[in-house]
Amino acid sequence: MYRRLVNLIGKRNREFIILFYAVLFIRFFWSCIREDVGGCLVFDKFCFWTNGILAFLILLGSAYLLLIDHIRLDRLLSGGRLANILYIIAGILSVPFTLNFLIFLFYPDPAQFAREIFGESDPESETSLLWAIFYHFMDPGNQQMAITHRAKMWTLLISMSGAVLMGGVLISSITNLLDRRGSNFMEGLCRYPYNFISRPSFGKFVIIIGGHEMVTGLCKDILEKNRNLDNIFILTSSDIAALRSNLRSRLRADEERIVVYSGYRGNEEELDALHPQYAEDIYIIGEGGEEPLHDQLNMKCVNYLSSVMPLTDKPVKCHVLFEYQTTFAAFQSSSIRSILDGRIEFLPFNYYETWAQKVTSDYLPIEGPSQEYESRQRVHIFIVGMSRMGVALGLEYAHMAHFPNFIRDKETRTRISFIDMDAGTESGYLMGRYKNLFGLSRWRYCSGDCEGIPWNLPERDFLDIEWEFLDGGVQTPYISDYIERQAQSNDASVTIAVCLPDSSQSLASALYLPDIVYVSENVRQILVYQDMESSIIDGINDKDMRYSKLKSFGTAHETYDEGFIGNDLKAMLVGGVYAAAYDMIASSASDENLYETLKDRFEEKGLREWKNSKIWAKWSNIYNSGTLKVKMRSCGMNVKDFDILRKNISLRNGKVVFNEEKIGRELMDRFRQLAEVEHNRWNIEKLLMGYRALTEKEMELFDGNLSKEEFAGLKGELKDKASRAHLDILPFSELIVKDSGAEDYDYLLSLMLPDIQEKSVSAKTC
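Residues numbered from 1 in each chain as written. Predicted model: local features only at pLDDT ≥ 70, side-chain atom pairs only at ≥ 80, totals over all residues. Heavy atoms only, no water.

Engineer: Would you mind going over the packing of helix H31 (residues 665-688) against helix H35 (residues 743-751) in detail, with residue names and values included?
Structural biologist: Taken N-terminus to C-terminus, the directions of H31 and H35 make an angle of 110°; their axes are 9 Å apart at the nearest point. Relative to H35, the element H31 is oriented roughly perpendicular. In this structure, the crossing between H31 and H35 has a hand that is right-handed. Contact residues: H31 offers Phe671, Arg672, Leu674, Ala675, Glu678 and His679, while H35 offers Asp746, Tyr747, Leu749, Ser750 and Leu751. By residue class, the composition of the contact of H31 with H35 is 6 nonpolar, 2 polar and 3 charged. (Axes fitted to C-alpha atoms, helices over the stretch in contact; angles between N-to-C directions. Helix = DSSP H or I, 4+ residues; strand = E, 2+ residues; numbered from the N terminus. Parallel < 35°, antiparallel > 145°, perpendicular 65-115°, else oblique. Left-handed = near helix turned anticlockwise from the far one by under 90°. Contact = heavy atoms within 4.5 Å. Nonpolar A, V, L, I, M, F, W, Y, C, P; charged D, E, K, R; others polar.)

Engineer: Mind laying out the packing of helix H29 (residues 639-647) against H31, listing which residues take part and the relevant values?
Structural biologist: Running from N to C, H29 and H31 point in directions that differ by 90°, and their axes come no closer than 11 Å. Judged by the angle between their axes, H29 and H31 are roughly perpendicular. Contacts from Asp641, Phe642, Ile644 and Leu645 of H29 reach H31 at Leu667, Phe671 and Leu674. When grouped by side-chain class, the residues that make up the contact of H29 with H31 number 6 nonpolar, no polar and 1 charged.

Engineer: Report on the environment of alanine 581, specifying residues and quantitative values.
Structural biologist: Looking at where alanine 581 falls in the secondary structure, it is placed in helix H25 (residues 569-586). Separated by 168 residues in the primary sequence, alanine 581 and leucine 749 have C-alpha atoms spaced 8.9 Å apart. In this view, alanine 581 contacts Leu598, Tyr745 and Leu748; residues no more than four positions away in its chain are not counted.

Engineer: So what's going on with the nonpolar core? Residues and values would help.
Structural biologist: With 106 residues, the main nonpolar core has Ile208, Ile209, Ile282, Leu393 and Trp467 as its most contacted residues. In terms of residue count, the dominant contributor to this core is helix H17 (residues 388-400) (8 residues). Those residues in contact with leucine 393 that lie beyond four places of it in its chain are Ala356, Val359, Ile383, Ala497, Cys499, Leu527 and Phe553. (Core = buried A, V, L, I, M, F, W, Y, C linked by side-chain atoms within 4.5 Å. Buried < 20%, exposed > 50% of the residue type's maximum accessible area, 1.4 Å probe, protein only.)

Engineer: Would you mind going over the pattern of salt bridges in detail, with residue names and values included?
Structural biologist: As enumerated under the stated definition, the model contains 37 salt bridges in all. In this structure, lysine 605 and aspartate 583 form a salt bridge, with 2.5 Å as the shortest nitrogen-oxygen distance. With lysine 605 in helix H26 (residues 594-609) and aspartate 583 in helix H25, this pair connects stretches of sequence that are 22 residues apart. One salt bridge connects lysine 605 with glutamate 609, and the closest N-O pair in it is separated by 3.3 Å. Note that lysine 605 and glutamate 609 are positioned in helix H26 at a spacing of 4 residues, about one turn of the helix. The class of lysine 605 is buried, set by a relative accessible area of 14%. Overall, the relative accessible area of 33% leaves glutamate 609 in the partly exposed class. The network of salt bridges with common partners includes Arg378, Arg413, Arg415, Arg442, Arg444, Asp461, Glu466 and Glu468. (Salt bridge = Lys/Arg side-chain N within 4 Å of Asp/Glu carboxyl O.)

This is the structure we're talking about:
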């Protein structure tokens, strides 16, 4: 019975402590508002008995912890929370309150006993027994004040209890609280509530979920672009000490604005502790390395956040990293807005794709200095290693490597050559993933000298990209000889990208390339994938002219760039041109000042409609915007040429019309070439995003006498089906016949290229 009672008291100790503090507070408050403290004898007796009984129960509970429940005791003493200290103080206070209660019960004159232990000889003195006990409990050095034998014994007991509990337990607990609090913060174990009291300390904050290698670069980019940001909260299950070391080395003073939580992102309670409802932005990047279920866990976070976020006119941007390109491609070309509308703005991105975009945008151009209509050079890209980075870079080049000389000579089409020790297997995976693309592409597989290997030709050969898969490494003789021949050929503009998964292997392969590639003017650059550090390449590139063409890329801490992840002004402006043009063409409008109308509308239209655009439409515009510089360099047109075109283009009944007499034949031809290059690029983009060309049987459906509405309805129906067939995946010459008017969008986008470039550059300058 006694054991059950003590066990019950020990487990209910928290409730007793809360009541104990509540009665003390009420008694203190009552004393403050009354001049006559003893003016309510009934209330004083109630407080005395309540505090005494509660103190006795707390003392029993403390004894239970001390003698029986050692696990809970250790947890209490080692905890770094203020509440734990309040429990300990209540346990310590229970001793003098219990002694006061017991003395009152067993001694007939408590006031006389108080005078004895307090050293007060005046029999008329009204010394408080509780105060006398507290005096010796707090200061054990005054035991000589006791004037009777029994008082000395009690004073010794009280003083020893105070010395142990006050000087030992309480001080060590407070010291431990401070130590543990600091240790918990460094280990990411602290959690902070978000309420009207603590809200100012949160301020404006951003959430990063995951400790991926890119997290330091991501933090740096966020802090540089948002100087008024107060905090960044990072939730990660990775090594906290290593993460803090990386943050400290790269961010220095800005590290104080970063709060790290140690936790698992699959735990909903951990996500709730981040208070995502109040964040400015959310970045779900996951953990680094070969984390199993990386993409599934990230998507699980997205689904949970969408369920707890409030409906709002301005949903929080949620940037989500997908490690695998297949997952990323699926979200690029689909829409999940039905579950996310009004809650979060879903912005998927891929580590390798992001770096591929940075390379194609910021590094040297892959084409020669005069890659125009008359050029006889083909762009030839060697990708060494069909790793995730290698495939991503190859596909990114397929998006952008489109030039007008292909229109004149089909033999100048861009060639992308993958080199891999297991090219047979890897090429099968790639072609299976993008079967619609390779069903219309020229390609070949070589396990020896490619000179005698025929190309696999599609039934309809109109794409301006061709593919090679070379089995072996750069040290393989036939591959080495092939690279050397291309480097010496004046008919090739060569770029080599070494993308082996291991950084040291990538570096070694780049250094073992044929000597000619380092000195040939036909080799534009040698890109070397370095996922962790680029110091070696940066060093030899700077000091040795032999290796001046080596350029490192892919370092994790420099990955993130918001401009490539759904917030690029160029992409918005491209979308604005299409939206403004569609409004005028679909309404069969007429406008003699077509350029001026587009110029007035496209920026506002793009910025306004970007938020509501579907994911696939955003990525389509992002890919398109990445090719603007290439088109401007290769179109052979200057500012004066564009001015002539602007003055001589109009819209009549929804159809773009040129005054070719005033434009001139040569300029008109160049402008048509520019529009055709855009359509060739669009063909590749749609095939990469999973669309396919129509079959002959499907094409026959459009040969009848369809009205304009029936034509558009049938075209949309085929495009939206699961098979995703698109009528406009055609050569430009057939597009004009099969879907007359569709080419007008290519013309209008080409017309607005200088304006898009100008506005995006001026925005960056500002």
